[in-house]
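Next come the chains, spelled out residue by residue.
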Amino acid sequence: MRMPRGGARFVISFLALPIIIYVIFVIAPYLQAFYLALTDWKGITASPKFVGFKNFEVLFSDSVFWKAVLHHGILLLVLPLVTLIIALFFAFLLNMGAGTKGVRGSRFYQAVFFFPQVLAVAVIGVLFQAMYRPDKGGVLNGLLDLVGVEPIGWLTKPNLALWMLIAVLVWQAVGFYVVLFAAGMASIPKEIVEAAQLDGCSKGRMFFQVTLPLLWDTMQVAWVYLGIAAFDGFAIVQVLSVDRGGPDGSTTVLPLEIWRNAFTFSKYGYASAMGVALFVLSLTFAVLTLRVTRRERIEY
Amino acid sequence: MSANLTVERTEGGPDNGSGPPPVRRNKHDRGNPAFKGLSHLALFVWALTVILPILWTFLASFKTNTQIFTDPLGLPSSISWDSWGRAWEKANVGTYLFNSVIVVACGTAGTMLLGAMAAYVLSRFSFRGNRFIYTLFVSGMVFPVFLALVPLFFVVRNLGLLNTHLGLILVYIAYSLPFTVFFLSAFFRTLPVPIAEAAMIDGASHTRTFFQIMVPMAKPGLISITVFNVIGQWNQYLLPIVLLAGDDKKWVLTQGIANISTNAGYQADWPGLFAALTMTIIPALVVYLIFQRQIQAGLTSGALK
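Everything numeric here is computed off the predicted structure, so don't read it as measured data. Residue numbers restart at each chain and count upward from 1, following the sequence in its written direction. Chain letters and ligand numbers both follow the written order, the letters beginning at A and the numbers at 1. Local features in a predicted model are, by the rule used here, given only for residues with pLDDT of at least 70; side-chain atom pairs are given and counted only at 80 or more, and totals for whole chains, interfaces and linings are based on all residues.

A.B. asks: It is not clear to me how the overall build of chain A should be interpreted in this structure. Could you clarify?
C.D. replies: Check the secondary structure of chain A and you find 13 helices and 0 strands. The helix count covers DSSP runs of H or I at least four residues long, the strand count covers runs of E at least two residues long, and both are numbered beginning at the N terminus. Mapped from its N terminus to its C terminus, chain A presents α and β elements in the order α-α-α-α-α-α-α-α-α-α-α-α-α. C-alpha atoms of chain A, sized along the principal axes, occupy 80 × 75 × 30 Å. The buried share among the 300 residues of chain A stands at 48%. Here a residue counts as buried when 20 or more other C-beta atoms fall within 10 Å of its C-beta, as exposed when 12 or fewer do, and as partly exposed in between; the C-beta atoms come from the backbone.

Next up, the structure:
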């Protein structure tokens, strides 16, 4: 639509408020963060002093920082991979291949699987505190007790804790991707599936050579989503882990360290530098993913 | 589950094309009962892993402290609502729930109003700076909120909005705008132009055309994004604990529940914690059961765009 009479005034009246709110609370803080990262700002009274890249020097020699980066690396590999494999498997079972009608109870399963997605991660974290209790009073250990296995410190063993947190994230995310992929599979044209079946295509081959290539776009989006989630992890670690990121930093993540440095230690400059590092990491991931996964789109 | 996978593969034939594929007619294939049975078993097991933790929490709210931890897998010996009363009154779950409703209702209403207004203007009018403003909004989707966290805290504090619901609502609106504007712009672009033009020719103002013609036409898109924003804002945890930390009477549900769980150990009131948790989950469950299709569509709408 061109601009008929009164257009300019209308445009301004509709845009003014959204832009003002957005600039004050989103744009301005983001820009300030890059500046604060170069200061030693520690408190409310003292004004920020410019220190150049000193925060980053400290950051790169901080073992906690590297631990957190390593944990993001693990999350980045494991979370998308495990979630996508489980979700694809279930979506395939629900559709019995592709293009055909779903199995009996398909709607019910999708409804149940999806439900954790509408719960807050903080709430799920509290829920799993009871599952993961280290003594026989915990649900998992209670189950192990039935078969005579000694209780396991799910969250207190440094080399196990992170995996248990990842398990919760997978538990929550799977349903979302089952629904997403099932919708994608249901929209694959019947003719393609039937042609493959007539040619004697087995279920496994159907999955890898028909379903998967046709779902590529959806998979790519899913990968980016889960990758972004891998750079977060704040709520689950803050609520569920021992000592918030422990034991002994074995589950910590950058968002948690940003929050801790800012609002517990009042190291605002340092926390901002961590924020910049997190931003660079997640941006690198997003750009790389889009580069690597770019493929010919299959039109159907 | 891995066991099921292996069996399924042997049942279904080689999956990687090694060796000649078995020639089969699709009738036989579809009716393979072993494959069907194993599929249902796998699906059923996952359904249990989703349902059981939640069900366990419901049941634990009726148990006593000792019963919860000496017999975690047992059923409650009697139904007592005491813990529910304690959670509602003493642990302030009622207050937190009310605060969450206020913040999310205002936050989502504001987001939808301002988001729809901005998206409409940006998608249907050409003027200088349009592209720039659109990019400004959409670029907000790529930045992690943790980058802005420190400055945001001071912006809110300097405006005198720290520990106020208004402050949190404005921040929710601001951070929900990028996706809302992105999605709704795309949606408004698909709506037919002639209807709006006809309304204008009949003498309707721009504002009236927007509210009485365009908004009703955009209803499906608006519903999806409303659902998306309601759930996103309802489940927000980081922003409340940073911006509302100082006043526990104003806390929202997520931060309240997390705090109750920290205190449950000291006060030795685990049934109270599980009652609080149940009270948090039940409204979500009820809303989910009613609006299941809209919720699934709303949350996956981002990924399908």
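What follows continues from the structure just given.
A.B. asks: Any chance you could explain the domain arrangement of chain B here in plain terms?
C.D. replies: Many structure descriptions define interface size as the accessible area lost when the parts assemble. Residues and elements named next belong to chain B. Domain delimitation follows an automatic or database domain assignment. Each domain of chain B was delimited in the assignment, giving domain 1 (2–60) and domain 2 (87–304). Any residue pair is listed as a contact if its two C-beta atoms, each placed from the backbone, are within 7 Å. Taken together, the contact between domain 1 and domain 2 spans 4 residues of the former and 5 residues of the latter. Each residue belonging to the side of domain 1 that touches domain 2 can be placed in one class, and the counts come to 3 nonpolar, 1 polar and no charged. Amino acids outside the nonpolar list (Ala, Val, Leu, Ile, Met, Phe, Trp, Tyr, Cys, Pro) and the charged list (Asp, Glu, Lys, Arg) are all regarded as polar, and Gly is one of them.

A.B. asks: What is the right way to read the UniProt feature "transmembrane region" (unreviewed entry) in chain B from this model?
C.D. replies: Residue and element names in this part refer to chain B. UniProt positions are given in the numbering used here, feature names are shortened, and annotations may be inferred rather than shown by experiment. Under the present numbering, the feature "transmembrane region" (unreviewed entry) in UniProt falls on residues 34–56, 96–120, 132–154, 166–188, 209–231 and 270–291. Structurally, residues 96–120 is divided into 100% helix and 0% strand, and its ends, taken at the C-alpha atoms, are 35 Å apart. Between the end C-alpha atoms of residues 166–188 the distance is 29 Å, and the span holds 100% helix and 0% strand.

A.B. asks: Looking at this structure, how should I read the packing of helix H1 (residues 7–36) of chain A against helix H8 (residues 145–158) of chain B?
C.D. replies: Between two packed helices, both the angle of their axes relative to each other and the distance between the axes serve to describe the pair. To obtain an axis, a line is fitted to C-alpha atoms, over the contacting stretch when the element is a helix, and the angle between two such axes runs from 0 to 180 degrees between their N-to-C directions. Running from N to C, H1(A) and H8(B) point in directions that differ by 115°, and their axes come no closer than 7 Å. For the element pair H1(A) / H8(B), the angle class is roughly perpendicular. As for the relative orientation of H1(A) and H8(B), their crossing is right-handed in sense. For the pair formed by H1(A) and H8(B), the contact residues are A:Ile24, A:Phe25, A:Val26, A:Ala28, A:Pro29, A:Tyr30, A:Gln32, A:Ala33 and A:Leu36 on the first element and B:Leu147, B:Ala148, B:Val150, B:Pro151, B:Leu152 and B:Val155 on the second. The residue makeup of the contact of H1(A) with H8(B), split by class, is 14 nonpolar, 1 polar and no charged. Any angle that falls under 35 degrees is termed roughly parallel, while one over 145 is termed roughly antiparallel, one within 65 to 115 roughly perpendicular, and all others oblique. Two helices that cross are described as forming a left-handed crossing if the nearer one is turned anticlockwise from the farther one by less than a right angle, and a right-handed crossing if clockwise.

A.B. asks: In this structure, what is going on with the interface of chain A and chain B? I would like to understand it.
C.D. replies: Each partner contributes residues to the interface: chain A has 89 residues there, and chain B has 85 residues. Top contributing element to the side of chain A that touches chain B by residue count: H1(A), with 20 residues. For the side of chain A that touches chain B, the residue count by class is 69 nonpolar, 16 polar and 4 charged.

A.B. asks: Looking at this structure, how should I read the environment of A:Ile21?
C.D. replies: You can see A:Ile21 is positioned in helix H1. In this structure, the C-alpha to C-alpha distance between A:Ile21 and A:Phe92, residues 71 residues apart in sequence, is 45 Å. Contacts of A:Ile21, omitting those with residues within four sequence positions, involve B:Leu114, B:Leu170, B:Ile173 and B:Ala174.

A.B. asks: Help me out: how do you make sense of the UniProt feature "transmembrane region" (unreviewed entry) in chain A in this one?
C.D. replies: All names here are of chain A. In the UniProt entry, the feature "transmembrane region" (unreviewed entry) is given for residues 12–31, 74–96, 108–132, 160–183, 222–241 and 268–290. Along residues 108–132 the backbone is 72% helical and 0% strand, and the end-to-end C-alpha distance reaches 28 Å. The span residues 160–183 is 100% helical and 0% strand by assignment, and the distance between its end C-alpha atoms comes to 35 Å.

A.B. asks: Just to check I follow, could you spell out the nonpolar core for this structure?
C.D. replies: For soluble globular proteins, the rule of thumb is that nonpolar side chains tend to be buried together. One nonpolar core equals one set of buried Ala, Val, Leu, Ile, Met, Phe, Trp, Tyr and Cys residues connected by C-beta atoms within 7 Å. Formed by 172 residues in total, the largest nonpolar core has its most connected members in A:Phe90 and B:Val171. When residues of this core are assigned to their parent elements, the largest contribution, 18 residues, is made by helix H7 (residues 158–186) of chain A. Both domains that meet at this core, namely domain 1 (2–60) and domain 2 (87–304) of chain B, each give it at least three residues.

A.B. asks: It is not clear to me how helix H11 (residues 206–217) of chain B should be interpreted in this structure. Could you clarify?
C.D. replies: Note: α-helices contain 3.6 residues per turn, so residues at a spacing of three or four share the same orientation. One less than the residue count of a helix, multiplied by 1.5 Å, gives the span that helix is expected to have. For H11(B), built from 12 residues, the straight-helix expectation of 16 Å at 1.5 Å per residue is met to within 8% by its first-to-last C-alpha distance of 15 Å. Those residues of H11(B) not exposed but buried are B:His206, B:Thr209 and B:Phe210. An end-on view of H11(B) places all buried positions within 95° of arc, on one side of the element. Looking at H11(B), the residues exposed on the side facing more than 90 degrees away from the buried face are B:Arg208, B:Gln212 and B:Pro216. In the core, the buried residues of H11(B) are packed alongside H1 of chain A together with helix H6 (93–124) and helix H10 (193–201) of chain B. For this quantity, the arc is that covered by the directions from the helix axis to the C-beta atoms.

A.B. asks: Could you clarify how one ought to interpret helix H4 (residues 106–114) of chain A in this entry?
C.D. replies: Residues and elements named next belong to chain A. Along H4, the positions that sit buried rather than exposed are Tyr109, Gln110, Phe113 and Phe114. All buried residues of H4 project into a common sector of 120° when viewed along the axis, lining one side. More than 90 degrees from the buried face of H4, the exposed residues found are Arg107 and Phe108.

A.B. asks: It is not clear to me how unusual backbone geometry should be interpreted in this structure. Could you clarify?
C.D. replies: Glycine aside, the phi torsion of most residues is negative, and most peptide linkages are trans. Of note, A:Asp248 is a non-glycine position whose phi angle comes to about 55°, a positive value. Mapped onto the elements, A:Asp248 comes out in the loop between helix H11 (234–240) and helix H12 (254–263). Despite not being glycine, B:Asn163 has its phi angle at roughly 60°, a positive value. In this structure, B:Asn163 sits in the loop between H8 and helix H9 (165–190).

A.B. asks: What is the right way to read the packing of helix H10 (residues 216–230) of chain A against helix H13 (residues 268–292) of chain A from this model?
C.D. replies: All names here are of chain A. Interaxial distance between H10 and H13 falls to 10 Å at its minimum, and their mutual angle equals 165°. Comparing the axis directions of H10 and H13 gives the class roughly antiparallel. Every pair of crossing elements has a handedness; the one defined by H10 and H13 is right-handed. Contact with H10, carried on its side by Trp223, Val224, Gly227 and Ile228, involves Ser282, Phe285, Ala286 and Thr289 of H13 and no other residues of that element. Looking at the contact of H10 with H13 residue by residue, the class counts come to 5 nonpolar, 3 polar and no charged.

A.B. asks: Which parts of the structure should I look at to understand the confidence of the model for chain B?
C.D. replies: The predicted coordinates should not be examined in detail at positions where pLDDT is low. Residues and elements named next belong to chain B. Note: pLDDT gives the predictor's confidence per residue, expressed from 0 to 100. For chain B, the average pLDDT comes to 82, and 87% of its residues sit at 70 or higher. A low-confidence stretch, residues 1–29 stays under pLDDT 50, and its non-local contacts, those more than four residues away or across chains, total 43 contacts. Across the whole predicted complex the pTM is 0.86, and at the interface the ipTM reaches 0.88.

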